[in-house]
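Structure at a glance
The residues making up each chain are set out below.
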Amino acid sequence: MITAKKTLLYCLFFVAIAAYFTYLQSAQVFADPDSFYHAKIAEMMSQGQIITKDFSWIKFAAFSQNFTDQHFLYHIFLIPFVMIFGALWGTKIASLFLATAVMGFFYFFLKRWRVRWPWFYTLLLLVAPAFIFRINLAKAGPLSIIILLIAISLLWQKRYRTLGLLSFLYVWTYGGWSLIIILVLTDLVAQFLIIISSHNNLSHKLNWKPLGAVLLGCAAGLIINPYFPANLQFYWQQLVQIGAVNYQDIISVGQEWYPYPILDFLANSVFIFILAITAFSAFFGRLSKHSSSSPLTGGNEGGVDIVDQFQKIFTLVIFAGILGVLTLKSQRFIEYFAPFATLAGAWLLNFSLPKDFNPLDFFSKKNPKRLFNLFVAIYLLLTSLLVFVLKTSELHQLLTRRFNWNYLSQSSQWLEKNTPARSLIYHTNWSDWPMLFYHNARNNYLIGMDPTFFYLYNPELYKEWVKINNGEIKDGLAEKIKNAFDAEWVLIKQSDRKLLEAVSRDNRFIPQFADEEAQIFKIQ
C-alpha cells in the first residue's frame, strides 16, 4: 500500500531528477540537429497537416515523393507541447518530460516485479553519462525505452493481445521497432535454455504466442498504415541498409552510427559493469550449491516459480548482451544497453542473494571484514559522486553548446523572402538540413536526415557533391552545380573555406547575402 509519505518521497525523488535534467538542458540549444526536424513536423501537424507524403524538402532521396513518418505517434505526442509552448520550447519541454518518465518507468518496473532496492538501480543510471545524454536528446528514443519496458511487463503477465497491440503502436512510433521482435526472440531462447537445463524433468514447452502476437502486431502496423506500401522501402533502407549494413566506410554518416570504442564503452558504463560482475559472481555462487543437480528441479524453490525466475533472468541477460553488441557496432544503442543491462544485474542479484540479505550486514561489528567492506563502500561512493559531478559538467556543456535555435536562421529567412517558392537550395552539409527546414520550409534542399539516402538514390552524384564541398572541383563549378543538381541558389557556410575559395574564382557565382555563419550565392 502506498502511503501519503511514500507518495511525497516519490514526488520529491522524481522532481529532483527532473530538476537535474532541466539543468543539463538549460539553454536554447538542441544537442542533436534532428530535434529541429521533429519540432517542425509537430508544428505542421498542429496546424492540420497530419499526414505528409510529398516530402520535396529533400530532393535526392527515394522517399521524396513517398515519404514515411517513422516517428508518427511521437510527433502526435509532441503536438500538445508545441501548441502550448511553441515548436522549439515545446519539443524541449517534451524531451525533459520523457527523460524523467524513463527514470520513473524504470523505477516502478522494478517495484512492480518486487526487485529489491529499486532506488539504487535508478540512481545507478544517473552515473551512466552516455545514457543520460541520449535520453535528454529531443528524439523518440526515450519513448521507445518506455514502450520496451511495458512490453516486458506484458510478456511476463502473458497479456499477449495487448502485447500485439503495443507492437502495432510501436511501429507507428519509432523506426527501430524491430527491437520488440528481438525482445520476444530472446524470451524464446530463454525458454529453450530452460528446457535443455532441466534435463527433461519439466513439462515445459516452447510458448510461441508472444512471438506470434508481436509479429502479427508489427505486420499490422506496417500494413494498416497511412504510408503503406512506401513505408516498406523506407524501413528496408532505414533498418537494413542504414542500421545493419551501414555505409560508414564509404560515406560520412552520423556519429551515432559509428562503433563505440570499447574503452570508452567500459568507461561510460563502468558502474553497470561492476554491477554485472557482482551479479554474475553471486549468481554462479548460488548455482554452485546445485552442482549435483539442475537448479531448476532441486531445492525448496523447485518447480514453476524458479523456472519463471530463470526465464526472466535469461531473457534480460540475453537481451542486454545483444544490446551490448549493437552498442559496440553503433554508439546510439547505449540508451538501450544501460537500462536493460542494469535490469539484468538487478534480477541476477535479486535471485542470487538470500531473501533476508541486508547490505548493512557487511558493516556489522560481527563481520570480520567490516573495515575492508567499509573502505570499498566509501571508495565506490566517493568515486561515483566524483564521476557524477564531473560528468554533470561535461553533459551540461554537450547539451547546451551544440546547435543554437537561431543557427542558420538569418540565411534561411533571407532565402525564404528572396527566392521563388520550392526553389532548390544547394547546401554543403547533410546535418544542416533540419535547421534549414525548420527556419525555411518554403524552399527545397539536396540532402537530409541521413547521407545514406542520397548515396542510395544516386551514388555517383553523391560523390560529386562530396568533391565539390571539399573544393576538389574548381573548373566549371557553377555549371556543374546548376546542371547536375538543378540548383541556382547556393548556401555555403563560412567554415567551408576551400569551397568558398573555389567559388570566389568563378564569376558566375553572384554574392547575395552573408553573415557570420554562411554566404548565399546565385548562379548566373
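The numbering scheme is per chain: residues are counted from 1 as the chain's sequence reads. Selection of residues for local features in this predicted model requires a pLDDT of at least 70, selection of side-chain atom pairs for listing and counting requires 80 or more, and totals for whole chains, interfaces and linings are taken over all residues. Only hydrogens and water are set aside; all other atoms, that is, all heavy atoms of the structure, feed into the side-chain values.

1. Let's talk about the overall build of the protein
Counting its regular elements, the protein contains 22 helices and 7 strands. Here the C-alpha atoms of the protein give a radius of gyration of 26 Å, agreeing with the 24 Å that 2.2 N^0.38 yields for 524 residues. Taking the principal axes of the C-alpha coordinates as reference, the protein spans close to 85 × 50 × 45 Å. Each residue gets one of three labels from its accessible area relative to the maximum for its type: buried under 20%, exposed over 50%, partly exposed in between, using a 1.4 Å probe on protein chains only. Considering the protein as a whole, with its 524 residues, one finds that 54% of them fall into the buried category. Note on contacts: a residue pair qualifies if any of its non-hydrogen atoms lie within 4.5 Å across the two residues. When contacts within the protein are restricted to residue pairs at least 6 apart in sequence, those whose partners lie at least 24 apart make up 73%. Accessible area of the protein: about 24,100 Å², with a carbon and sulfur share of 62%. Taking the 44 positively charged and 32 negatively charged side chains of the protein as two groups, their mean positions are separated by 12 Å. A run of H or I in DSSP counts as a helix once it spans at least four residues, and a run of E counts as a strand once it spans at least two, with each numbered from the N terminus. The reference for a compact globule is 2.2 Å times residues^0.38; the radius of gyration itself is calculated from the C-alpha atoms. To be clear on the numbers: accessible area is Shrake-Rupley with a 1.4 Å probe, and residue cover counts the displayed protein chains and nothing else. Only four residue types enter the charge count, namely Lys and Arg as positive and Asp and Glu as negative; His and the chain termini do not. Just so you know, the charge point we use is NZ for Lys, CZ for Arg, CG for Asp and CD for Glu.

2. Topic: unusual backbone geometry
The peptide bond linking phenylalanine 228 to proline 229 adopts the cis configuration, its omega dihedral lying at 5 degrees. Within the fold, proline 229 resides in the loop between α10 (209–223) and α11 (230–245). Despite not being glycine, lysine 158 has its phi angle at roughly 60 degrees, a positive value. Assignment of secondary structure puts lysine 158 in the loop between α7 (141–156) and α8 (160–173). Lysine 158 sits in the exposed class, given a relative accessible area of 54%. Here the phi dihedral of methionine 449 falls at roughly 70 degrees; this positive angle occurs in a residue that is not glycine.

3. Topic: the pattern of salt bridges
Whenever a carboxyl oxygen of Asp or Glu lies within 4 Å of a side-chain nitrogen of Lys or Arg, that contact is scored as a salt bridge. A complete count under the given rule lists 14 salt bridges for this structure. Aspartate 308 is paired through a salt bridge with lysine 312; the nearest N and O atoms lie 2.5 Å apart. Remark: lysine 312 and aspartate 308 occur in helix α14 (residues 304–329); sequence separation between them is 4 residues, near one turn of the helix. What makes lysine 312 buried here is its relative accessible area of 6%. Among the charged side chains, a network of salt bridges with common partners joins Asp32, Asp34, Arg134, Lys139, Glu256, Arg332 and Glu335.

4. Considerations on helix α1 (residues 4–24)
Helices are assigned an expected span. That span is 1.5 Å times one less than the residue count. Helix length check: α1, at 21 residues, gives a terminal C-alpha distance of 30 Å against a target of 30 Å (1.5 Å per residue), a fit within 8%. Within α1, the full set of buried residues consists of Tyr10, Phe14, Ile17, Tyr20, Phe21 and Leu24. Down the axis of α1, the smallest arc covering the buried residues is 105 degrees, so these residues share one side. Opposite the buried face of α1, at more than 90 degrees from it, the exposed residues are Ala4, Lys5, Leu8, Leu12 and Val15. In the core, the buried residues of α1 are packed alongside α4 (87–112), α5 (118–126), α6 (129–135) and α16 (370–400). The arc in question is formed by the directions pointing from the helix axis toward the C-beta atoms.

5. With respect to the sheet that holds strand β7 (residues 518–523)
Following DSSP output, two strands are said to pair if at least two bridges run between them. Read across the sheet, 5 strands follow the order β4-β3-β5-β7-β6 without closing on themselves; strand pairing throughout is mixed. What marks the edges here is a single partner per strand, and that holds for β4 (444–445) and β6 (509–514). Strand direction decides the pairing type here: strand β3 (residues 424–426) and strand β5 (residues 489–493), joined by 2 bridges, are parallel. Paired with isoleucine 425 across the bridge in β5 is tryptophan 489. For helices, the axis comes from a line fit to the C-alpha atoms of the stretch in contact; other axes are also lines fit to C-alpha atoms, and the angle between any two N-to-C directions lies between 0 and 180 degrees. On top of the sheet, helix α22 (residues 497–504) reaches β5, β6 and β7; it is set at about 135 degrees to β5, its chief contact.

6. Topic: the packing of aromatic side chains
Given two aromatic rings, their pairing is described by the distance between the two centres and the angle made by the two planes. Two rings from Phe, Tyr or Trp (for Trp, the six-membered ring) form a pair when their centres are within 6.5 Å of each other. A pair whose planes differ by under 30 degrees is stacked, one over 60 is edge-to-face, and the rest are tilted. Scanning all chains against the criterion turns up 66 aromatic pairs. With centroids separated by 5.2 Å and ring planes inclined at 75 degrees, the aromatic side chains of tyrosine 10 and phenylalanine 108 adopt a geometry described as edge-to-face. Separated by 98 residues along the polypeptide, tyrosine 10 in helix α1 and phenylalanine 108 in helix α4 bring together distant segments of the chain. By relative accessible area, which is 36% here, phenylalanine 108 ends up partly exposed. With a centroid separation of 5.5 Å and 80 degrees between ring planes, the pair formed by phenylalanine 310 and phenylalanine 314 is classed as edge-to-face. Placement of the pair is phenylalanine 310 and phenylalanine 314 together in helix α14, with a separation of 4 residues, close to one helical turn. Members of the aromatic cluster, connected to one another through ring pairs, are Tyr37, Phe55, Trp57, Phe63, Phe67, Trp177, Phe234, Tyr235, Trp433, Phe437 and Phe453.

7. Thoughts on the pairing of β6
As paired elements, β6 and β7 share 5 bridges and run antiparallel to each other. Note that in β7 the partner of alanine 514 across the bridge is glutamine 519.

8. Details of the environment of leucine 436
If you trace the backbone, leucine 436 turns up in helix α18 (residues 433–439). Spatially, the C-alpha atoms of leucine 436 and leucine 316 are 42 Å apart, while their sequence positions differ by 120 residues.

9. Considering a nonpolar patch on the surface
Like charges are joined within 9 Å and nonpolar side chains (Val, Leu, Ile, Met, Phe, Trp, Tyr) within 5 Å, but only among residues with over 30% relative accessible area and no salt bridge; these make up the patches. Among the surface-exposed residues, Leu371, Leu374, Ile378, Leu381, Leu382 and Leu385 lie close enough to one another that they form a single nonpolar patch of about 580 Å² accessible area. Tracing the backbone shows leucine 381 in helix α16.

10. Concerning α8
Over its 14 residues, α8 extends 19 Å from the first C-alpha to the last, a length consistent with the 20 Å expected when each residue adds 1.5 Å. The element α8 is largely enclosed, with a buried count of 10 among its 14 residues. Those residues of α8 that sit buried are Tyr160, Leu163, Gly164, Leu166, Ser167, Phe168, Tyr170, Val171, Trp172 and Thr173. Contacts made by the buried residues of α8 are with α3 (72–85), α7, α9 (178–197), α10 and α11.

11. Things to note about the side chain of lysine 92
Within the element layout of this structure, lysine 92 appears in helix α4. The buried charged residue lysine 92 lacks any salt bridge partner; its closest oppositely charged side chain belongs to aspartate 32, at an N-O distance of 12 Å. The contact partners of lysine 92, leaving out residues within four places of it in the chain, are Gln25, Ala27, Val29, Phe30 and Trp405.

12. Examining the environment of phenylalanine 77
Structurally, the position occupied by phenylalanine 77 is in helix α3. Residues phenylalanine 77 and threonine 173 lie 96 residues apart in sequence; the distance between their C-alpha atoms is 9.5 Å. Those residues in contact with phenylalanine 77 that lie beyond four places of it in its chain are Ala94, Phe97 and Leu98.

13. Some words on the pairing of β5
Looking down a regular strand, the side chains alternate between one sheet face and the other. Summarising burial for β5: 5 of the 5 residues are buried, a large majority. Residues Trp489, Leu491 and Lys493 of β5 are buried on one face, and the alternating residues Val490 and Ile492, pointing to the opposite face, are buried as well. Judged from the 5 bridges that link them, β5 and β7 form a sheet pairing that is antiparallel. Bridge pairing in β7 places leucine 491 opposite isoleucine 520.

That's the geometry; what it means functionally is another story.
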